[in-house]
Amino acid sequence: MKVAVFGLGYVGTVTAAGLASRGHEVVGIDVDPGKVEAIASGRSPVVEPGIEELIAEGVSARRLRATTDTREAVAGADVSLICVGTPSAASGDTDLTYVRRALEDLRQAMLVTAPPASGRHAVVMRSTVPPGTGAGVVAPAFAGELCPEGWTVGTAMCPEFLREGVGVKDFFDPPFVVVGTADDAVAADLTELFAFLDRDVRRVEVGTAEALKYACNAFHATKVSFANEMARVFRFHGVDSREVMEIFVEDTKLNIAPTYLRPGFAYGGSCLPKDLRALQHFARVSGVDVPLLAGTALTNEMVVRGVVERIIATGHRRVAILGLSFKMDTDDLRESPNVELAERLIGKGYDVTIYDPIINPDRLVGANRRHVEAKLPHLNRLLACDPGEALAGAEVVVVASSDPGLLAALEAASPRVVIDLHGRLGDAVEALPGYEGVGW
């Protein structure tokens, strides 16, 4: 395929050289003549291990070149990859100035150049941009009368996952290939473009592809801060945190795994809350600040508070809570966020009924019973014997369990508002008129 790459920074240079090395004809465009000259001479405009060899090979084979003339690059091109910078604005927002400029330059070049034989051209964001950029900035730039005559333009988001210092390695061995587009032809083009990677292409909504890169980078930053906070706390206890984390990452069942990384309701139970508090206490005793841990507890509180506020906003007063333990398939109510939710609603005067397929107040013992007696001393009065009884007359239903019998009763009842705390209730529940997810 013939590919135009807008922007010859780290992302653009690695992308251009990588595609050229796999047989595509690539032209890089940049306003900086120094970068263009570097590639013309077979050198890299950026420092990155392995990139010099790729560029020299691509230039020698005449599959890679660079120019400051957008028209030269775009003529006959199948794909334009937008790899320009998206720096922070003073407010912290993403500055899309270079993106808008690249799109306008591309459109103007199309007006005076020939399209590919197919007449079809894919404009693909590779830069990191906020959700909504594709729909609000990229697609409108080529919509209706703005689309140059003879060209059929489709748009997409194909985020990169390149770490500086190992960018070439990451290009050829990405964690995934994600294409956000509603255009079948563009999806097919990008599948062909990246076919050499031997990865299944994950086709998603444009906004999902845009958001994914932010989620990844935020998590990476959080991991760095987490490891450093642990180190600050443990150092005062004579512990080498490097050894702790070395063993920590060997757990691919819980620690480095999909476990816990699902949007839903707040955490709870007998371990996470108390151990988080203990770590914060260790830090206070040692005079160490741990804002990430403090923020974790605050975020958890905000999740519970947010659900309460959403119930208040409905204007309804009769609430059914389906699922009471801190997670399914257990009767452990200690520090369950569902118990906390029920307590807050009762305190605000709501008429609350509860059903849990496992919880039997007469069988609660020990710490579990003491916790319930402190939080919900009237649990017997609130608990329904079956989901139908709990749902009778309920206007708002909060669902924290995917028990089949419970879901069947919910579908039959069809209440005005369903707030899903679980995230895995199935299509039938999500199709109910009043359905809304806690975070989706």
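Residues numbered from 1 in each chain as written. Predicted model: local features only at pLDDT ≥ 70, side-chain atom pairs only at ≥ 80, totals over all residues. Heavy atoms only, no water.

The name an unreviewed UniProt entry gives the chain is UDP-glucose 6-dehydrogenase, with Nocardioides guangzhouensis as the organism. Recorded in UniProt for the chain, the comment headed Catalytic activity (unreviewed entry) runs: "UDP-alpha-D-glucose + 2 NAD(+) + H2O = UDP-alpha-D-glucuronate + 2 NADH + 3 H(+)". Taken verbatim from the UniProt record of the chain, the Sequence similarities (unreviewed entry) comment is "Belongs to the UDP-glucose/GDP-mannose dehydrogenase family." (UniProt positions renumbered as here; feature names shortened; annotations may be inferred.)

Caption draft 1: Inspection of the layout of surface pockets at higher detail. Estimated volume of the second largest pocket: approximately 530 Å³. Contributing to the lining of the second largest pocket are 25 residues, with Phe6, Gly7, Cys83, Val84 and Gly85 lying nearest its centre. Only helix H1 (10-21) and helix H5 (97-111) provide two or more residues apiece to the lining of the second largest pocket. Take the lining of the second largest pocket: its biggest share by element is 4 residues, from H5. Counted by class, the lining of the second largest pocket contains 10 nonpolar, 8 polar and 7 charged residues. (1 Å grid on protein atoms, 1.4 Å probe; cavity = no way out; pocket = protein on both sides within 12 Å on 5 of 7 lines; lining within 4 Å. Points joined across faces, edges and corners; volume = space filled by probe spheres on them. Helix = DSSP H or I, 4+ residues; strand = E, 2+ residues; numbered from the N terminus. Nonpolar A, V, L, I, M, F, W, Y, C, P; charged D, E, K, R; others polar.)

Caption draft 2: Spotlight on the pairing of strand E2 (residues 25-29). Within E2, 4 of the 5 residues are buried, leaving the element largely enclosed by the surrounding structure. Examined bridge by bridge, strand E1 (residues 2-6) and E2 share 5 bridges and lie parallel to one another. Directly across from Val5, in E2, lies its bridge partner Gly28. With respect to chirality, the unit in which E1 leads through H1 into the neighbouring parallel E2 is right-handed. Taken together, the 4 bridges between E2 and strand E3 (residues 64-67) define a ladder with parallel strand orientation. Following the sheet pairing, Val27 is matched in E3 by Arg65. (Buried < 20%, exposed > 50% of the residue type's maximum accessible area, 1.4 Å probe, protein only. Pairing = 2+ DSSP bridges. Right-handed = clockwise from strand over helix to strand, strands pointing away.)

Caption draft 3: Structural context of empty space enclosed by the protein. Under the definition given, this model contains 1 cavity of 30 Å³ or more. By volume, the largest cavity amounts to about 120 Å³. Arg126, Pro159, Pro174, Phe176 and Leu197 are, among the 14 residues lining the largest cavity, the residues nearest its centre. Looking at the lining of the largest cavity, the elements with two or more residues in it are helix H7 (167-172) and strand E7 (177-180). Looking at side-chain class alone, the lining of the largest cavity contains 11 nonpolar, no polar and 3 charged residues.

Caption draft 4: Representation of the pattern of salt bridges within the structure. Taken as a whole and judged by the stated rule, the model has 20 salt bridges. The salt bridge involving Arg107 is made with Glu104; its shortest N-O contact spans 3.4 Å. Within this pair, Arg107 and its partner Glu104 are both found in helix H5, separated by 3 residues, close to a single helical turn. By relative accessible area, which is 14% here, Arg107 ends up buried. Exposure remark for Glu104: the relative accessible area of 35% places this residue in the partly exposed category. A salt bridge links Arg203 to Asp184; its shortest N-O distance comes to 2.8 Å. (Salt bridge = Lys/Arg side-chain N within 4 Å of Asp/Glu carboxyl O.)

Caption draft 5: Main features of the sheet that holds strand E11 (residues 396-399). The 5 strands are arranged E10-E9-E11-E12-E13 in an open sheet whose pairing can be described as parallel. The open sheet has two edge strands, strand E10 (351-355) and strand E13 (435-437), and neither has a second partner. Averaged over all pairs of adjacent strands, the angle between strand axes in this sheet comes to 20°, irrespective of strand direction. Sheet topology note: the strand E9 (residues 318-322)/E11 ladder contains 4 bridges and is parallel. The residue bridging Val319 from the neighbouring strand is Val396, located in E11. Seen against the sheet, helix H12 (residues 291-314) touches E9, E11, strand E12 (417-420) and E13 and runs at an angle of roughly 160° to E11. Helix H13 (residues 337-347) rests against E9, E10 and E11 of the sheet, and its axis sits at about 170° to E9. (Axes fitted to C-alpha atoms, helices over the stretch in contact; angles between N-to-C directions. Contact = heavy atoms within 4.5 Å.)

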